[in-house]
Structure formats: C-alpha cells, structure tokens
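Residues per chain are reported as follows:
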Amino acid sequence: MITRNQERRFRIDIAIRDVMTKTFQHFLAKHILPADLINEIERRRHKHLSEEDKKTIQSGNFDKFDVTLLNKLFVNYGDIIFENGLRIVCSKEMPYPNHVTVSDDFNRLRIYRNKRKKRILTSINNLTENTKQMRKSKALLIVGEYGVGKSSFVNTVLTAITGIYHEHCQVAQASSSKTNYLDVKCPAEYLKITTDEDEKLWYPTFVDMVGMDKANFAPFDIILEYILDGKLKPFTDLTDFCNNIKKGRKMVQMEKREGPIVDAIVFLLAPKSEQNPTVLMENINIVLKRSAKEIPIFVVMTKMDECDLAEEAIRDLKRKICSSFVINMDRILECVNYKRSDSQSGWWDNDAVEKVLNFLTSICDPHLQRRDLIRMEFEKETSFIHVDGEKVTYF
Ligand SMILES: Nc1nc2c(ncn2[C@@H]2O[C@H](COP(=O)(O)OP(=O)(O)OP(=O)(O)O)[C@@H](O)[C@H]2O)c(=O)[nH]1
Ligand SMILES: [Mg+2]
C-alpha cells in the first residue's frame, strides 16, 4: 500500500520535475538563440548527446526539450548558455540544505533520481540472474476471484519489466468480467525477442485465466487441474469450457500437453472488509492435494488503494493466508496496479516497481520447483469379516 508520505513524495517529485522543466526551458530561451545553441553543439561535435537529442535540438523548439536533455545541456554546455561562462556543477554528493542555487536543485533531483534508478536496475539484474540459471521460462498461473485485478497485475509486472505500459492482458471495464480465455504471455512476445541467444528469453511466462466464482467453484477446479498440467492450449475458451462442465459433459480426448505446465501459482485477492478469500484458498489446496502436486504458491493483495481494512486486520488476513497455504509472509505482495491513465499522467511509483521486481525474482528462484508426486497403485479396497474369531477376506 502506498503510504501518505510516499504519495506526497511522488507528487512532489513530479511537480519538481515539471516546474524545473519549465524553468530551464525559460532559462534557455532567455540566454541563448536556438541557432547559436545548434552551432555551438555542432562545433563541439555533439559530445554527450544521442541521435534523438540532436534531432530535438535541431528542431529549435525549446518547449520540446525534456528534463533529461535540459540537464545534459546545462551540465555540458552551461558555459555557452550562461553569458558569464558558468557551468552547472554536476556533483555526486547531495547539496547541503543551505545550497540554494538552480544548480543545487538540479543536482538534488538528479542524485535522487539516479539512486532510485540504480535500485531498479539492481532488481532487474537479480531477476535476470535467477531466470538465466533455470534456462527455462517459469510459467506463473495468475488465479483469483473475478475482478480482483489479475489481468491488471500481469500488465503491472510487464510494465515493471519493460518500463512501458501496454495492455498486454485485457482489463475489465467497471464491474464487468473480462478475461474469458486462457491468455498466455511468454517473454518472446512481451519483450519482442527474436533470437534464442537473449538471456531475457528465460523471463517468466504469465498465464492469465478467467476469474473464479466463490459461489460456484465446481467448474473451476476442473479447469484448474487441466491448466496445472498444461493440458489447455492458449486461447482456450474458458467460458465455454465452464458451461459444458456445468452441463455435466465430459471432455473428449485430452491427454496430450498443449500449453505451458504451471511452475508457480500466484493467488490474487483484493482485501476488503466484507470479503473472505478462505473458500477460494481451500479449493486451490483441495485441487493440489487431489492431483498430487506441490506447486509453490505466492500471494498478491491487489487494489490496496481501495482497501478499507485497518493495519491489524491486514496482518490477521496475512496470517490466515500463510497458514492456509503454508507459506511465509515474504511470499505476500501488497500492490496497487498500474493503469493506463497512470502512464499518461507520468505517475511512476519507483518503489512499487522495485517491490514488484523483487517479488518476481523470488518466484523465479531456481531452487523453487514444482513437484508432481508419485502415488503408488493399490488394489481395490477389500473388506473383512470375522467368522468364529478368524479374519476372513470378503470380496
Ligand atoms: N483501484 C484499483 N483498481 C484496480 C486495481 N487493479 C485493477 N483495478 C481495476 O479493477 C477492474 C478489474 O481489473 P482486471 O485486471 O480486469 O481484473 P481481473 O481479475 O482480470 O478480472 P476478470 O478477468 O474479469 O476476472 C478494472 O476496472 C481495473 O482498472 C488496483 O490496484 N486499484
Ligand atoms: Mg482478467
């Protein structure tokens, strides 16, 4: 859950960035003509600038310069921008509170941003390290009641990995249910990788499915069993599947593997005071037990921005989850999913990105593996009767 303080910090962050962009654009416009800037940069052979930067500078439109480009210009070309030949000092040390020049503010913002960026980079590297060791893309099944934010969570994780928001999985509008087929997102697809060489090819595969219905779990446990065994193809129509199962129909021939075998289950719930996820958790346990599988389970508490539970109630709920799935607290992630509007407004919660990536890294721990247990075959049950004190087998 984002605390009030974090939220304030993010807003200030965005506000500072926006204000600084405007201030520096204004500064630039006041101190140098676009043509002079272009000439000088060309004279110095575009040192420190990318192709994209050069194009933006050549447009001569200072309003298009973003904060990163402005920073580069002030730090590297400050002596031509300011008449007195000043450069903005670019230091690695955070300025003291009594340092109040424009240069100091710029440095504060830059150091703060770089620190956070570095942490995210470390998280991505840890994930890559874990997945590289497996040489296999782990398939993560996203399960939970309908509308808890399963598809949004897949989009959130993919945004954290790629840095760009796309609606990879379709998100439901308002209260209507959306996902009705087996939606499989593999790394080659979401990272647009074409060569087998790429180490990122072993990033996880996400399997999004139709939402579970607490009132009628029966068809879902059958679907779940099929999916866990990789017996359903991507794009299988799960609503149709449910309807047929509800009518008591048996599926015709389905022994072959057609989809990814699930390596870990990610159970989602959106905690609210009137909800109780116990039934769903018990049902998942029943399915796993019945089919003799031990599959690592992780839990995501979504929509924490709408959660009305007090801190103590959240802790109680976590304890309940841990005892039901027999897992540790560190397997539970609290999260607020990204929405399309977040990426448009520039709202970017870097701490949440880091948390999501670390959570994913722990799911992708190469030592954590699914186990299909072997059950010995036994003869059919026999019953005994006693005749004159002797045990006689009765068939
Ligand atoms: N406030 C808030 N809304 C969210 C969050 N995550 C998802 N939503 C909204 O909840 C609704 C359902 O989201 P989905 O991602 O489609 O949920 P789902 O579990 O995939 O739904 P089904 O596929 O129908 O089972 C959408 O309107 C989302 O925008 C969140 O963290 N906070
Ligand atoms: Mg969905």
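Cut-offs applied
- Residues numbered from 1 in each chain as written.
- Chains lettered and ligands numbered in written order.
- Predicted model: local features only at pLDDT ≥ 70, side-chain atom pairs only at ≥ 80, totals over all residues.
- Heavy atoms only, no water.
- Donors = N, O, S within 2.8 Å, 3.2 Å for Na, K, Ca; no water.
- Helix = DSSP H or I, 4+ residues; strand = E, 2+ residues; numbered from the N terminus.
- Buried < 20%, exposed > 50% of the residue type's maximum accessible area, 1.4 Å probe, protein only.
- Axes fitted to C-alpha atoms, helices over the stretch in contact; angles between N-to-C directions.
- Parallel < 35°, antiparallel > 145°, perpendicular 65-115°, else oblique.
- Contact = heavy atoms within 4.5 Å.
- Nonpolar A, V, L, I, M, F, W, Y, C, P; charged D, E, K, R; others polar.
- Near = heavy atom within 4 Å.
- Polar contact = N/O pair within 3.5 Å; in protein donor to acceptor, adjacent residues only side chain to side chain.
- Areas by Shrake-Rupley, 256 points an atom, 1.4 Å probe, with all protein chains shown as cover.
- Phe/Tyr/Trp six-rings, centres within 6.5 Å; stacked < 30°, edge-to-face > 60°.
- Core = buried A, V, L, I, M, F, W, Y, C linked by side-chain atoms within 4.5 Å.

The name recorded for the protein in an unreviewed UniProt entry is Interferon-induced protein 44-like protein, from Magallana gigas.

**Regarding the coordination of the magnesium ion (ligand 2)**
For the magnesium ion (ligand 2), every protein donor is listed as Ser151 (OG) and Thr179 (OG1), and the spread of their distances is 2.0 to 2.1 Å. Residue Ser151 is located in helix α6 (residues 150-162), and its partner Thr179 is located in the loop between α6 and β2 (183-185); the two are separated by 28 residues in the primary sequence. Judged on exposure class, the residue Ser151 and its partner Thr179 are both buried.

**A word on the packing of helix α3 (residues 51-59) against helix α4 (residues 67-81)**
Following both chains from N to C, one finds α3 and α4 inclined at 85°, their axes separated by 11 Å at the closest point. The angle between the axes of α3 and α4 places the two elements in the roughly perpendicular class. Here α3 contributes Asp53, Thr56 and Ile57 to the contact with α4, which in turn contributes Leu69, Lys72 and Leu73. Grouping the amino acids of the contact of α3 with α4 by side-chain chemistry returns 3 nonpolar, 1 polar and 2 charged.

**Topic: the site of ligand 1**
Every one of the 19 residues lining ligand 1 counts as a neighbour, but Lys150, Ser152, Ala172, Lys178 and Asn337 are closest to it. The contact in question runs from an oxygen atom of ligand 1 to an N or O atom on the side chain of Lys150, over 2.8 Å. Here an oxygen atom of ligand 1 and a side-chain polar atom of Ser151 are 2.9 Å apart. When ligand 1 is considered free in solution it has 660 Å² of accessible area, and contact with the protein chains removes 90% of it. Looking at the shell around ligand 1 residue by residue, the classes come out as 6 nonpolar, 8 polar and 5 charged.

**A closer look at the packing of aromatic side chains**
Scanning all chains against the criterion turns up 7 aromatic pairs. Note on Phe298 and Phe359: the rings are 5.8 Å apart at their centroids and 85° apart in plane angle, and the pair reads as edge-to-face. Here Phe298, found in strand β6 (residues 297-301), pairs with Phe359, found in helix α13 (residues 350-363); they are 61 residues apart in sequence, far enough to count as distant. Each of the two residues, Phe298 as well as Phe359, counts as buried.

**Some remarks on the side chain of Thr128**
Looking at the element boundaries, Thr128 is found in helix α5 (residues 102-134). One polar contact links the side chain of Thr128 to the main-chain carbonyl oxygen of Ile124, over a distance of 2.8 Å.

**Examining the nonpolar core**
Judged by nonpolar contacts, the single largest core of 43 residues is most densely connected at Met209, Phe267 and Ile284. Elements represented by at least two residues in this core include exactly β1 (139-144), α8 (218-228), α9 (238-246), β4 (264-269), α10 (278-290), β6 and α11 (311-325). Contacts of Ile284, omitting those with residues within four sequence positions, involve Val143, Met212, Phe217, Leu224, Ile265, Phe267, Ile297 and Phe325. Counting residues in each nonpolar core, the second largest holds 35 residues, with Ala160, Cys169, Tyr203 and Phe359 among its members.

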